[in-house]
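# Structural overview for review
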Amino acid sequence: MKNLRPLIIGIIIGALATYFFCPRQPVKEGDNLPKKIVKPQGVIAVEAAKILNSNWNKERKQAVDSAAQRYGREKDNRWVWWPVEDVENYLDYAKHYSDSIGYNMTGLRVYLGVYGNIKGSKKKNLTTMFMVPTGNKTQANASTLNFLPPTEEDIPVPPLNDGSGGNQNYPQ
């Protein structure tokens, strides 16, 4: 036991010295910390979405499908789908791209488009949707005073398109 006493005292002194004299790494935001989940503004109930879809069917479906029929399609696309991973990757890409060209990305716009007369394509003359980042030019700190708020505009970042689409109604 007498032989172990110096060993135990040495371990305790070593541990205390390590604790007090070794630098601690500061915890950075996002370092293995759980991300706070925030419900975004504009989230609506599933029932409200079904009502919006039903209203679209009553007010727009016939006109849109009749326009598609002029181009040899029975129905037009009703929705566009992207995998979550593609959307997350696009948001990261768009933020990085926006920063690199001097823009502050503040949102996304979703536009309707039509593929047009693409011979041999399954998407020929069908409706599509694509996402475009929006924001404003970053202002240099040394710029003159600007009394007008920055205007939100489309940022010249390549848009996200090419999701899969369909013409089914909202799932029941």
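Residues numbered from 1 in each chain as written. Predicted model: local features only at pLDDT ≥ 70, side-chain atom pairs only at ≥ 80, totals over all residues. Heavy atoms only, no water.

## A closer look at the overall build of the chain
- When helices and strands are counted, the chain shows three helices and five strands.
- When the helices and strands of the chain are listed from N to C terminus, the series reads α-α-β-α-β-β-β-β.
- Excluding contacts between residues fewer than 6 apart, the proportion of contacts in the chain whose partners are at least 24 apart in sequence is 64%.
- As displayed, the chain offers around 14100 Å² of accessible surface, 59% of which is attributable to carbon and sulfur atoms. (Helix = DSSP H or I, 4+ residues; strand = E, 2+ residues; numbered from the N terminus. Contact = heavy atoms within 4.5 Å. Areas by Shrake-Rupley, 256 points an atom, 1.4 Å probe, with all protein chains shown as cover.)

## Quick look at the packing of aromatic side chains
- A complete count under the given rule lists three aromatic pairs for this structure.
- Measuring from centroid to centroid gives 6.1 Å for Y90 and Y93, while their planes differ by 40°, and the two rings are tilted. Taken as a pair, Y90 and Y93 lie in helix α3 (residues 84–100) at a separation of three residues, close to a single helical turn.
- Given the relative accessible area of 37%, Y93 is considered partly exposed. (Phe/Tyr/Trp six-rings, centres within 6.5 Å; stacked < 30°, edge-to-face > 60°. Buried < 20%, exposed > 50% of the residue type's maximum accessible area, 1.4 Å probe, protein only.)

## Brief notes about the pattern of salt bridges
- Under the defined criterion, the tally for this structure stands at three salt bridges.
- We note a salt bridge from K50 to E47, for which the minimum N-O separation is 4.0 Å. Of the two residues, K50 and E47 both sit in helix α2 (residues 46–70), three residues apart, roughly one turn of that helix. (Salt bridge = Lys/Arg side-chain N within 4 Å of Asp/Glu carboxyl O.)

## Focus: the sheet that holds strand β2 (residues 103–114)
- Judged by pairing direction, the sheet is antiparallel, and its three strands sit side by side in the order β2-β3-β4 without closing on themselves. Each end of this open sheet is capped by a strand with a single partner; those strands are β2 and β4 (153–154).
- Strands in contact with α3 are β2 and β3 (127–137); relative to β2, the strand with the most contacts, it is inclined by about 125°. (Pairing = 2+ DSSP bridges. Axes fitted to C-alpha atoms, helices over the stretch in contact; angles between N-to-C directions.)

## With respect to a negative patch on the surface
- A contiguous patch of negative charge on the surface is contributed by E85, D86, E88 and D92.
- With respect to the helices and strands, E85 occurs in helix α3.
- E85 gets classed as exposed once you look at its relative accessible area, which sits at 56%. (Patch = residues over 30% accessible without salt bridge, like charges linked within 9 Å, V, L, I, M, F, W, Y side chains within 5 Å. Lys, Arg positive; Asp, Glu negative; His and termini not counted. Charge placed at Lys NZ, Arg CZ, Asp CG, Glu CD.)

## Points about the nonpolar core
- Of all hydrophobic cores here, the largest spans 10 residues; its members are V80, W82, Y90, A94, Y103, M105, M131, I155, V157 and L160.
- Elements that contribute at least two residues to this core include exactly α3 and β2.
- Non-local contacts of Y103, meaning those with residues more than four positions away in its chain, are made with S98, N136, K137, T138, E153, I155 and P156. (Core = buried A, V, L, I, M, F, W, Y, C linked by side-chain atoms within 4.5 Å.)

## Details of the pairing of β3
- Of all 11 residues that make up β3, eight are buried, and the element is covered over most of its length.
- Examined bridge by bridge, β2 and β3 share 11 bridges and lie antiparallel to one another. The partner of Y111 across the bridge, within β3, is F130.

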